[in-house]
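What the coordinates show
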Amino acid sequence: MYKNWLLTRRNALRLGLATLAGVGATIDVQSVDTNYQVQSFVKSKRTFNINSKKSLKERAANKGLIYGAAIRYDDLISHPEFAKVVAQQCGILVPEWELKWSCGNKLLRPNPHSFDFKPADWMAKFAKKNSMLFRGHTLVWHESLPDWFKNQVNSQNAESFLIDHIKTVMKHYAGKVHSWDVVNEAIGLWDKRSDGLRKTPWLEFLGGDYIDLAFRVAAEADSQALLVYNEFGLDYSTAEDEAKRNAVLKLLQHLKSKGTPINALGIQAHLSGDKNDFNPQKFREFLSNVASLGLKIMITEMDVTDKKLPKDLVVRDRIVAAAYEDYLSVALDEPAVIAVITWGLSDRYTWLSEFQPRSDRAAVRPLPIDAAFNPKLAWNAIARSFDNAPRR
Ligand code: XIL
């Protein structure tokens, strides 16, 4: 323990000295490529100081914003200490698995004829008991379809499956949900369609209008929830993200011109700590274009993968924290942004342990709270972003 502490302190010192010595200074962290050296150098100047321990939800609320996290039922019920931290920090709760058709060991749709609301109901109650808002994720997403879907759903009955699912689930929670991700990840430029839509069973069975249909049914089922289109890959200045932003704008413009009842864009914001190409100007412009369509914006699934970052905890946490602050300081400048949600709260429970593991097998650290439920620099970074945000 002491030795580890010494090691990490020493690396921190090296970083600090590098800062004083100028850009040319090398950072003596093994297996760090030039990219990280520059990043660490620049970011090591930051202090991430905060002036109180006020929770993230309070800091957000002070600015008219909402902060919360996506959490799994199993983790919430198995660790009361975790549940306490969730209740302390979050103003909104999102079931990570429990409101998808099927995800992990949870089946909202165990078969074509029934619904199992038990885990999500428990979470909705937990949210209410702790004065949190509750958020629905997600009604239409090709990736969460259960095994039976393939044999049961076809172009003849797809429309009634879609309508029935949206109506039943939304009515079950009507009046209790802040916002619903009605359609998730519908764009796939690799499919090379002129409308940019991804080839999914819904597209195949119903054509591109399935998106409009889903929103219309949703608006009827719950007139109070904000209706959101949620998408990933919108964050960086790469050609790929640039094309995705354009495709999303085109889709949103199309929906608005048809009178589709859509209220907001959800930007997932799964960031990579090793990427250096976040361009504030381009991102700002995108947010402002979305806002000018009369839509709100929610940051819906934020985390920062540390998969390719140096193992050293001081360096790693600093780069992750900087990625949070760089992104949020730009996002929160846009008045249409109303909420920030992280995809998980503690490093102990994150999808990235499975989806973006480190090659050195060290535990991943993409979230604001560490695996022992203590706040990290990323927590400070988010706190500072809220403190510095203009009031809504
Ligand atoms: C992920 C969950 O976090 C994983 O545990 C699950 O195995 C797959 O789904 N975009 C989304 C989320 O919209 O629903 C995904 O959640 C992460 C990417």
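Everything quoted here is computed from the prediction, not taken from an experiment. (Residues numbered from 1 in each chain as written. Predicted model: local features only at pLDDT ≥ 70, side-chain atom pairs only at ≥ 80, totals over all residues. Heavy atoms only, no water.)

1. Concerning the pairing of strand S6 (residues 264-267)
Burial along S6 is two-sided: Ala 264 and Gly 266 and Leu 265 and Ile 267, pointing in opposite directions, are all buried. Summarising the sheet, strand S5 (residues 226-231) and S6 pair through four bridges and their orientation is parallel. Within S6, the position partnered with Asn 230 by the bridge is Gly 266. With helix H11 (residues 239-258) bridging S5 and the parallel S6, this β-α-β connection has right-handed handedness. Bridge analysis of S6 against strand S8 (residues 296-305) gives four bridges, and the strand direction is parallel. For Ala 264, the partnering residue across the bridge sits in S8 and is Lys 296. (Buried < 20%, exposed > 50% of the residue type's maximum accessible area, 1.4 Å probe, protein only. Helix = DSSP H or I, 4+ residues; strand = E, 2+ residues; numbered from the N terminus. Pairing = 2+ DSSP bridges. Right-handed = clockwise from strand over helix to strand, strands pointing away.)

2. With respect to the site of the ligand
Lining the immediate environment of the ligand, one finds 15 residues, of which Glu 96, Trp 97, Lys 100, His 137 and Glu 301 sit closest. A distance of 2.5 Å separates an oxygen atom of the ligand from a polar side-chain atom of Glu 96. At 3.3 Å from a nitrogen atom of the ligand is found a side-chain nitrogen or oxygen belonging to Gln 268. Among the detected pockets, the ligand sits in the largest pocket. (Near = heavy atom within 4 Å. Polar contact = N/O pair within 3.5 Å; in protein donor to acceptor, adjacent residues only side chain to side chain. 1 Å grid on protein atoms, 1.4 Å probe; cavity = no way out; pocket = protein on both sides within 12 Å on 5 of 7 lines; lining within 4 Å. Sits in = over half its atoms within 2 Å of the grid points.)

3. Describing the confidence of the model for the protein
Taken as a whole, the protein shows an average pLDDT of 91; of its residues, 89% reach a score of 70 or greater. Confidence drops under pLDDT 50 across residues 1-34; counting only partners more than four residues distant or on other chains, this segment forms 30 contacts. (pLDDT = per-residue confidence, 0-100. Contact = heavy atoms within 4.5 Å.)

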